[in-house]
Amino acid sequence: MSAPIPADIPDIPKIPGVAASAAAAAVPIVPAYAVIPRVRRPRVAAFRLLVAGAAAAGVALDLLLGSPARVLSYFTIQSSILVAVVFTVSAGRAWTARHPLRPSVTTCTLLYSVGTGLVYHLLLADNPSTFSMTADMADGAGTLTGWHAVTNQLLHTAIPVAVALDWLLLTRPGPLRLHSAVTWMILPVAYLALTVARGIFLAPVTPPRYPYPFLDVSQHGFVEVLGNATILALACYALAVLLVALDHVRPGPRRPRPPENRISSPATGGLK
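The shown structure was predicted, so the numbers you read here are calculated from the model rather than taken from an experiment. (Residues numbered from 1 in each chain as written. Predicted model: local features only at pLDDT ≥ 70, side-chain atom pairs only at ≥ 80, totals over all residues. Heavy atoms only, no water.)

1. What about a nonpolar patch on the surface?
So the rule is basically this: Each patch is assembled from residues with relative accessible area greater than 30% and no salt bridge, linking like charges that lie within 9 Å and nonpolar side chains (Val, Leu, Ile, Met, Phe, Trp, Tyr) that lie within 5 Å. Shrake-Rupley sampling with a 1.4 Å probe provides the accessible areas, and residues are treated as covered by the protein chains on show and by no other component. Here, a salt bridge means any side-chain nitrogen of Lys or Arg that lies within 4 Å of a carboxyl oxygen of Asp or Glu. By definition, any uninterrupted DSSP run of H or I lasting at least four residues is a helix, any uninterrupted run of E lasting at least two residues is a strand, and each is numbered from the N terminus. In this scheme, a residue with accessible area under 20% of its type's maximum is buried, one over 50% is exposed, and one in between is partly exposed, where area comes from a 1.4 Å probe on protein chains only.
Nonpolar side chains collect at one region of the surface, where Val-161, Leu-165, Leu-168, Leu-169, Leu-246 and Val-249 lie side by side and expose about 520 Å² of accessible area between them. Among the secondary structure elements, those contributing two or more residues to the nonpolar patch are α6 (146-170) and α10 (222-249). When residues in the nonpolar patch are grouped by element, the largest group, 4 residues, is from α6. Assessed through its relative accessible area of 62%, Val-249 is described here as exposed.

2. So, the packing of helix α2 (residues 42-65) against helix α4 (residues 75-96)
The relative placement of two packed helices comes down to the angle between their axes together with the axis-to-axis distance. Cut-off, in case you're wondering: The convention used is that axes are lines fitted to C-alpha atoms, helices contributing only their stretch in contact, and that angles between N-to-C directions extend from 0 to 180 degrees. For classification purposes, angles smaller than 35 degrees are called roughly parallel, those larger than 145 roughly antiparallel, those between 65 and 115 roughly perpendicular, and all remaining angles oblique. The sense of a crossing depends on the near helix, which, turned anticlockwise from the far helix by less than a right angle, makes the crossing left-handed and, turned clockwise, makes it right-handed. Here, two residues are considered to be in contact whenever any of their heavy atoms come within 4.5 Å of each other. Three residue categories are used. Nonpolar comprises Ala, Val, Leu, Ile, Met, Phe, Trp, Tyr, Cys and Pro, charged comprises Asp, Glu, Lys and Arg, and polar comprises the others, including Gly.
Where α2 meets α4, the axes come as close as 8 Å, and the angle between the chain directions of the two elements is 155°. Overall, the two elements α2 and α4 adopt an arrangement that is roughly antiparallel. In this structure, α2 crosses over α4, and the sense of that crossing is left-handed. Facing Pro-42, Val-44, Ala-45, Arg-48, Leu-49, Val-51, Ala-52, Ala-55, Ala-56, Val-59 and Asp-62 of α2, the residues of α4 in contact are Ile-77, Ser-80, Ile-81, Val-83, Ala-84, Phe-87, Thr-88, Ser-90, Ala-91, Ala-94 and Trp-95. Residue classes in the contact of α2 with α4 are distributed as 17 nonpolar, 3 polar and 2 charged.

3. Some remarks on the state of the cysteines
Here is the rule: To count as a disulfide, a pair of cysteine sulfur atoms needs to be within 2.5 Å.
Following the criterion strictly, the structure yields 0 disulfides and no others. As a non-bridged cysteine, Cys-108 has Cys-236 as the owner of its nearest cysteine sulfur, 8.9 Å distant. By relative accessible area, Cys-108 is classed as buried at 13%. Overall, the relative accessible area of 17% leaves Cys-236 in the buried class.

4. Side note on the pattern of salt bridges
In the structure shown here, the tally under the stated rule is 2 salt bridges. One salt bridge in this structure joins Asp-166 and Arg-48, with 2.8 Å as the shortest N-O distance. Placement of Asp-166 in helix α6 and of Arg-48 in helix α2 is noted, with a sequence separation of 118 residues between them. In this structure, Asp-166 and Arg-48 share a single accessibility class: buried.

5. Examining the side chain of Thr-171
Where we set the bar: Polar contacts, as counted here, are pairs of nitrogen or oxygen atoms within 3.5 Å of one another; within protein the pair requires one atom able to donate a hydrogen and one able to accept it, and residues that are adjacent in sequence qualify only if both atoms are side-chain atoms.
Here Thr-171 shows up in the loop between α6 and α7 (178-184). Within the structure, the side chain of Thr-171 is placed 3.0 Å from the backbone oxygen of Asp-166, a separation counted as a polar contact. With near-sequence residues (within four places) excluded, Thr-171 lies in contact with Arg-48, Thr-106, Asp-166, Arg-250 and Pro-253.

6. Here we look at the confidence of the model for the protein chain
Worth spelling out the cut-off: Per residue, pLDDT captures the predictor's confidence, and it can take any value from 0 to 100.
Considering every residue of the protein chain, the mean pLDDT works out to 81; 75% of them sit at 70 or more. Per-element mean pLDDT across the protein chain ranges from 52 in helix α1 (residues 22-25) up to 95 in α4.

7. Remarks on the packing of α2 against α6
Between α2 and α6, the shortest axis-to-axis distance is 10 Å and the interhelical angle comes to 155°. With respect to α6, the axis of α2 lies roughly antiparallel. Note that α2 runs across α6; the crossing there is left-handed. From α2, Val-44, Phe-47, Arg-48, Val-51, Ala-54, Ala-55, Gly-58, Val-59, Leu-61, Asp-62 and Leu-65 reach across to α6, where they touch Trp-147, His-148, Thr-151, Leu-154, Leu-155, Ile-159, Ala-162, Val-163, Asp-166 and Leu-170. Residues of the contact of α2 with α6, tallied by class, amount to 15 nonpolar, 3 polar and 3 charged.

8. Overview of α2
Condition: Take the number of residues in a helix, subtract one, and multiply by 1.5 Å to get its expected span.
The end-to-end C-alpha distance of α2, which contains 24 residues, comes to 34 Å, matching closely the 34 Å that a straight helix rising 1.5 Å per residue would cover. Among all positions of α2, only Val-44, Ala-45, Arg-48, Val-51, Ala-52, Ala-55, Gly-58, Val-59 and Asp-62 are buried. Those residues of α2 that are buried lie in contact with α3 (68-71), α4 and α6.

9. A short note on the nonpolar core
Note the threshold: Residue types Ala, Val, Leu, Ile, Met, Phe, Trp, Tyr and Cys, when buried and joined through side-chain atoms within 4.5 Å, form a set referred to as a nonpolar core.
Residues Leu-111, Trp-184, Tyr-212 and Leu-215 are the most contacted members of the largest nonpolar core, which totals 49 residues. Mapped onto this core, the elements with two or more residues apiece are α2, α4, α5 (103-124), α6, α7, α8 (186-201) and α10. No other element matches α10, which puts 9 residues into this core. Dropping the residues within four chain positions of it, Tyr-212 is found in contact with Tyr-74, Phe-75, Thr-76, Leu-124, Phe-131 and Tyr-191.

10. Details of the packing of aromatic side chains
Our working rule: Under the pairing criterion, centres of Phe, Tyr and Trp rings, with the six-membered ring standing for Trp, must be within 6.5 Å; the plane angle then separates stacked pairs below 30 degrees from edge-to-face pairs above 60, leaving the rest tilted.
Applying the stated criterion across every chain, the model contains 4 aromatic pairs. Residues Tyr-212 and Phe-214 carry aromatic rings whose centres are separated by 5.5 Å and whose planes lie at 15° to one another, so their mutual orientation is stacked. The same class applies to Tyr-212 and to Phe-214, which are both buried. By the ring-pair criterion, three or more aromatic residues cluster together here, those being Tyr-74, Tyr-212 and Phe-214.

Okay, structure coming up:
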């Protein structure tokens, strides 16, 4: 005695190059979650929501502490806004067990966030008197204190580290290609070019004409600034290529096991 065939069995995907009729050619592809059940990741969602909230809080505090026009001109702020948006969306997808964001989006976010952190710690941290996103130095020595120091370390240290840990430990490797690194360079190169052009056309009394001291044409000259910008762009591209290469060798996070079917167990073969 045979049981009736269930009506909700997914259709078999069509075989490429073989279509006996128009109906056969229109058969849809069975989605992955029809075979592998979706699994919610509440802890990952909580971590990403925490990172997004910290990035948004850092940007909001800087906007309150300084002039919004000045604060928004820094690439640190722009990359932190991107982190807040991307991690909010990623948290929602992890919570609802939806498909994660494209690897190119998450890796691009990592590139911008880690890049700003590296530029700060390698080029700016040793001489804080020449760099302040809020234009309010707390003492005569030129060091940031109070909330200025908190937001500075939050956006340049804590957020990049958190984004890197999420990418390494909680994000699956994706099929990244080298041409993705070229696409990611559009925003940094455009930012460097527009920042230098903006400073050239602004009045000398405008504070600050150049957000970063190594882009100050009035102090270093156009040729030296152009060299600095070229070196930064090449370093950013090298970091992007390194991330693509690392993505091909890094292990992915362990996939959470779906809930066990307590109705029928393959170990016993009968009902529990």
